[in-house]
Amino acid sequence: MRAPFPTLIPAPTSPIDARPGAGHGTGPRRRAWLAASLLSLTLPAWAGLPDVIAAAKPGVVAVGTFNPLDNPRFSFRGSGFAVLDGSYVITNQHVLPPANEVEQLSRLSVLVARNGKVSEARSARLAGSDRSHDLVLLKIEGPSLPPLPLADADAAREGMSIALMGFPIAGALGYSPVTHRGIVSAVTSIALPAANSRQLDPRALQKLREGSFDIFQLDATAYPGNSGGPVLDAETGEVVAVVNMVLVRGTRENAIQYPSGISYAIPVRHVHELLQQAAPPEPTATALPR
């Protein structure tokens, strides 16, 4: 449920302000009150964004592979974010390396925040996947991360204020989460077929029969490296989608200089579906014997 709009107009705090008609006349006091009222209507959408960013950053991770003999040891592939109890991460299927690219010494890993910086590598393994919506669930080792709250399946609407977070061009800009803000500019349809015939398992075939599905178009500019990162409701901090595809002109280098300004994201409803299929069931309370 969306958090209620905060009230920014203060209640009367002095006898002068509280007397009948104070601040509601026709002179300068009246105009000042009206200006404050109008300003209060434009602030709430972004007033809480710094708090939203501060709360989400510890749960946003860089996804890649780790090899102690490589230089650099961590090979970045995309972004992700913690869910459930904080020991699981959501990212895009296409962010993961093909099986034949993971050597004996290389392992799937995520970089997590430590002392305010993303620097600690954790091993990860595949816990579930939804190829037709390009989503995967990873199980990570070590202490739990702060999980990001998921919005209801139908929470996002066209025109809502959002913030996307991840690691754009991470190899060049380092591993510090970056936030871009914008709106859901459109809801359109798209189909993501399987990459090859070996991936056409019964579940993938069923998804292909179901046809296209809705995807969010964003006016916030994302870059290579943002894939798999969360799209947040800028007011509540809840995840409403997962960054998936970035339309760029030319190569990755040109993406910085010539971004298209159009990004796409998978609605959170498909994250909910993946968690229902792949996540372990929550423990149930056992009644004590009488």
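Residues numbered from 1 in each chain as written. Predicted model: local features only at pLDDT ≥ 70, side-chain atom pairs only at ≥ 80, totals over all residues. Heavy atoms only, no water.

**Q** Is there a simple way to think about the overall build of the protein in this case?
**A** A tally of helices and strands in the protein yields eight helices and 12 strands. Taken across its 290 residues, the protein has 40% of its residues classed as buried. Long-range pairs, those at least 24 residues apart, make up 68% of the contacts in the protein between residues at least 6 apart in sequence. (Helix = DSSP H or I, 4+ residues; strand = E, 2+ residues; numbered from the N terminus. Buried < 20%, exposed > 50% of the residue type's maximum accessible area, 1.4 Å probe, protein only. Contact = heavy atoms within 4.5 Å.)

**Q** Is there a simple way to think about helix α8 (residues 269–278) in this case?
**A** Among all positions in α8, only His 270, Val 271, Leu 274 and Leu 275 are buried. In a view along the axis of α8, the buried residues occupy a sector of 140 degrees, so they form one face of it. (Arc of directions from axis to C-beta.)

**Q** Any chance you could explain helix α4 (residues 49–56) here in plain terms?
**A** For the α-helix, the turn length of 3.6 residues means that residues three or four positions removed from each other point alike. Taken residue by residue, α4 has Leu 49, Val 52 and Ala 56 as its buried positions. An end-on view of α4 places all buried positions within 55 degrees of arc, on one side of the element. For α4, the exposed residues set more than 90 degrees away from the buried face come down to Pro 50, Asp 51 and Ala 55.

**Q** It is not clear to me how the pairing of strand β10 (residues 230–233) should be interpreted in this structure. Could you clarify?
**A** Judged by which residues are buried, β10 turns out to be covered on both faces: Pro 230 and Leu 232 on one side and Val 231 and Asp 233 on the other are all buried. As defined by bridge partners, strand β7 (residues 161–166) adjoins β10 across three bridges and the pair is classed as antiparallel. Considered in β10, the bridge of Ile 162 is made with Asp 233. (Pairing = 2+ DSSP bridges.)

**Q** Even after reading the chapter, I still don't get the pairing of strand β3 (residues 88–92), so can you show me in this structure?
**A** Each regular strand displays side chains that alternate between the two surfaces of the sheet. Burial of β3 is extensive: five of the five residues sit out of reach of the surface. Inspection of the sheet shows strand β2 (residues 74–83) paired to β3 by three bridges, in the antiparallel sense. The residue of β3 that forms the bridge with Phe 81 is Ile 90. Counting the residues that bridge the hairpin from β2 to β3 gives four residues, and of these Leu 84 lies at a positive phi of roughly 55 degrees. Bridge count between β3 and strand β6 (residues 135–140): five bridges; the pairing is antiparallel. What sits directly across from Val 89, in β6, is Leu 138.

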